[in-house]
Amino acid sequence: MLKDSEKGERITLVSERDWDFEEFAAREREAMHGGSSGNKKKDNKKSKVRTVLLDYVKIILIAALIAFVLLRFVIINAKVPSASMYPTLKVGDRMIGLRVPYYFTDPERGDIVIFKCPEEGGNYNKLYVKRIIGLPGETVTIRAGQVWITPADGESAVFHLEEAYLSEAPNPNLSVNNYEYKLAEDEYFVMGDNRNNSTDSRFWWANGYKVTKDRIKAKAVFKYYKGFEVLE
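Residues numbered from 1 in each chain as written. Predicted model: local features only at pLDDT ≥ 70, side-chain atom pairs only at ≥ 80, totals over all residues. Heavy atoms only, no water.

**Digging into the overall build of the protein**
So, step 1. Along the backbone of the protein there are 3 helices and 14 strands.
So, step 2. Going through the 232 residues of the protein one by one, you find that 31% of them count as buried.
So, step 3. In the protein, of all internal contacts separated by at least 6 residues, the share reaching a separation of at least 24 is 62%.
So, step 4. With an accessible surface of roughly 15300 Å², the protein has 56% of that area assigned to carbon and sulfur atoms. (Helix = DSSP H or I, 4+ residues; strand = E, 2+ residues; numbered from the N terminus. Buried < 20%, exposed > 50% of the residue type's maximum accessible area, 1.4 Å probe, protein only. Contact = heavy atoms within 4.5 Å. Areas by Shrake-Rupley, 256 points an atom, 1.4 Å probe, with all protein chains shown as cover.)

**Here's the deal with the nonpolar core**
It is characteristic of soluble globular proteins that their nonpolar side chains tend to be buried jointly.
So, step 1. Among the nonpolar cores identified, the biggest contains 12 residues, and these are I76, A78, V80, M85, L89, M95, I112, I114, V129, A218, A220 and L231.
So, step 2. Mapped onto this core, the elements with two or more residues apiece are β3 (75–79), β5 (112–116) and β13 (216–225).
So, step 3. Apart from the residues lying within four places of it in its own chain, the contact partners of L231 are T88, L89, I112, A220, V221, F222 and K223. (Core = buried A, V, L, I, M, F, W, Y, C linked by side-chain atoms within 4.5 Å.)

**Considerations on the sheet that holds strand β10 (residues 179–182)**
So, step 1. Read across the open sheet, the 4 strands follow the order β9-β8-β7-β10; overall the sheet is antiparallel. Both outer strands of the open sheet, β9 (159–160) and β10, are each paired with one neighbouring strand and no more.
So, step 2. Pairing geometry for strand β7 (residues 139–143) and strand β8 (residues 146–150), over 5 bridges, is antiparallel. Considered in β8, the bridge of T141 is made with W148. (Pairing = 2+ DSSP bridges.)

**Points about the side chain of T88**
So, step 1. Mapped onto the elements of the fold, T88 is located in the loop between β3 and β4 (94–98).
So, step 2. Overall, the relative accessible area of 11% leaves T88 in the buried class.

**Topic: the pattern of salt bridges**
So, step 1. A full pass over the atoms with the stated rule returns 8 salt bridges.
So, step 2. The salt bridge involving K213 is made with D106; its shortest N-O contact spans 2.7 Å. Of this pair, K213 sits in the loop between β12 (211–212) and β13 while D106 sits in the loop between α2 (101–104) and β5, and the two are 107 residues apart along the sequence.
So, step 3. Looking at K213, the relative accessible area reads 31%, which means it is partly exposed.
So, step 4. As a salt-bridge pair, K219 and D111 come within 3.8 Å of each other at their nearest N and O atoms. Pair noted here: K219 is in strand β13 and D111 is in the loop between α2 and β5, with a separation of 108 residues, a long-range link.
So, step 5. Given a relative accessible area of 29%, K219 falls into the partly exposed group.
So, step 6. Overlapping salt bridges, with partners in common, bring together D93, K223 and E229 in one network. (Salt bridge = Lys/Arg side-chain N within 4 Å of Asp/Glu carboxyl O.)

Distances and angles like these do not, on their own, reveal function.
Set out below in structure tokens:
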């Protein structure tokens, strides 16, 4: 402290070094607070990005799980590769088959079924689609292309199977269209609606290739491309 000689007042002198230190300290504090705020903003932004990405990953995983369950246990989405079921199904049609019905009931005559091919070779276990004609234990007799059914109980009368869904009259001269097929207790007899252009139980039966219930995977219920139609 010094005294002004003229006014007699006391004057406080601040050294240049002391002034610089105070200003420096203030700037440092400001920088520190500003930097901390900026870091928090960056951290919040990164956290939000991570949260969004995790949400997308969860959605994708859930969707994949649902798709897996549906395709493995509920439905079959299939494309028709041949004309063996013409005109009911045409080449290129896409259809949906339900697995669920056959978990609880047995296939019935007239059902259009998706099954694994029983014939050994290149087509073994490939998915085929045909119509059920004969049921386990029955005898399917084909005469000149016409189908007659002898029921499994051995007591009910033999009956002629009316087939309005056929694309054309079966060729009466084919040997497979003039034969008697006795089905085992677990065997289904299947044929294509395009009877003259279908590889089916008529050809497999003689070689011991059977369409059993465990090979039948779904009941075809509708086609959705090209055009929508419930299958009967």
